[in-house]
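Descriptive structure summary
Letter by letter, the chains look like this.
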Amino acid sequence: MNILFFLTPKSMCAYLENDCTLRQALERMEGAGYAALPILNKKGEYCGTLTEGDMLWAVKNLCGMDLRQTENHRIMEIERRRDNVPVSVTTTMQDLIARASEQNFVPVIDDKNTFIGIVTRRSIMRYCQQMMSPED
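Residues numbered from 1 in each chain as written. Predicted model: local features only at pLDDT ≥ 70, side-chain atom pairs only at ≥ 80, totals over all residues. Heavy atoms only, no water.

Burial of strand S3 (residues 36–40) is extensive: 5 of the 5 residues sit out of reach of the surface. Where strand S2 (residues 16–17) meets S3, 2 bridges bridge the pair, whose relative direction is parallel. Opposite Glu-17, over in S3, you have Leu-40 as the bridge partner. The pairing of S3 with strand S4 (residues 46–51) spans 5 bridges and is antiparallel. Considered in S4, the bridge of Ala-36 is made with Thr-51. Between S3 and S4, which pair antiparallel and follow one another directly, the connecting turn spans 5 residues, one of which, Gly-44, has a positive phi of 85°. (Buried < 20%, exposed > 50% of the residue type's maximum accessible area, 1.4 Å probe, protein only. Helix = DSSP H or I, 4+ residues; strand = E, 2+ residues; numbered from the N terminus. Pairing = 2+ DSSP bridges.)

Every buried residue of helix H2 (residues 52–61) is listed here: Asp-54, Met-55, Ala-58 and Val-59. In an axial view of H2, the angular spread of the buried residues amounts to 135°, which keeps them on one side of the axis. In H2, the exposed positions angled more than 90 degrees off the buried face are occupied by Leu-56, Trp-57 and Asn-61. Of the surrounding elements, those touching the buried residues of H2 are helix H1 (22–32) and S4. (Arc of directions from axis to C-beta. Contact = heavy atoms within 4.5 Å.)

Membership of the largest hydrophobic core comes to 15 residues, with the highest contact counts inside it found for Leu-16, Leu-22, Ala-25, Leu-50, Met-55, Ile-75 and Ile-78. Counting residues per element, the ones that place at least two in this core are H1, S3 and H2. Look past the residues within four positions of Leu-16 in its chain and what remains in contact with it is Ala-25, Arg-28, Leu-37, Pro-38, Ile-39, Leu-40, Leu-50 and Ile-75. Residues Ile-3, Val-87, Val-106 and Val-119 belong to the second largest nonpolar core, which totals 10 residues. (Core = buried A, V, L, I, M, F, W, Y, C linked by side-chain atoms within 4.5 Å.)

Let us now look at the packing of H1 against H2. Packing of H1 against H2 leaves a shortest axis separation of 11 Å and a crossing angle of 145°. By crossing handedness, the relation of H1 to H2 is classed as left-handed. Here Leu-22, Ala-25, Leu-26 and Met-29 of H1 lie close against H2, whose contacting residues are Glu-52, Met-55, Ala-58 and Val-59. When the residues that make up the contact of H1 with H2 are grouped by side-chain class, the tally is 7 nonpolar, no polar and 1 charged. (Axes fitted to C-alpha atoms, helices over the stretch in contact; angles between N-to-C directions. Left-handed = near helix turned anticlockwise from the far one by under 90°. Nonpolar A, V, L, I, M, F, W, Y, C, P; charged D, E, K, R; others polar.)

In this section: the sheet that holds S3. The mixed open sheet is built from 3 strands, whose spatial order is S2-S3-S4. Of all the strands in the sheet, the pair left with one neighbour each is S2 and S4.

Let us look at the sheet that holds strand S7 (residues 115–120). With mixed pairing, 4 strands are arranged side by side in an open sheet as S1-S7-S6-S5. If you trace the sheet from one side to the other, it starts and ends with strand S1 (8–9) and strand S5 (87–88), each paired once. In this structure, strand S6 (residues 105–109) lies alongside S7, joined through 5 bridges in antiparallel fashion. Its bridge partner being in S7, Val-108 is matched across the sheet by Gly-117. Packed on one face of the sheet, helix H3 (residues 93–100) meets S5, S6 and S7 and runs near 135° to S6.

Functional significance is not addressed by these values, which are geometric in nature.
Written out as structure tokens, the structure is:
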């Protein structure tokens, strides 16, 4: 099986650009309804993952708990606890599943490091559930 079967393409993903402010990231994450979003640069390359927790600590440590200061800080200034490790579009299913067991989504990149989408743990679990369910 090919990992593209599970791919949510970039055009359907919420993500942050690496030059956006903390305030823009807060608003984008709130609007998207996700607890973590991939960060991309202007070339579309994957740069990391920003989580709600990362932003909470940034508001405390960079902004002194003053939400007005969130406009003065770019997201790449934020210390991130950990980035979701991307996989190549040619990654095996075994490697994808191993990565998904550690991350709620797996960024997928092409051979030029360009972000092409994500594979969610949920999509893999749903597929497994369908395969294990008896036919109706």
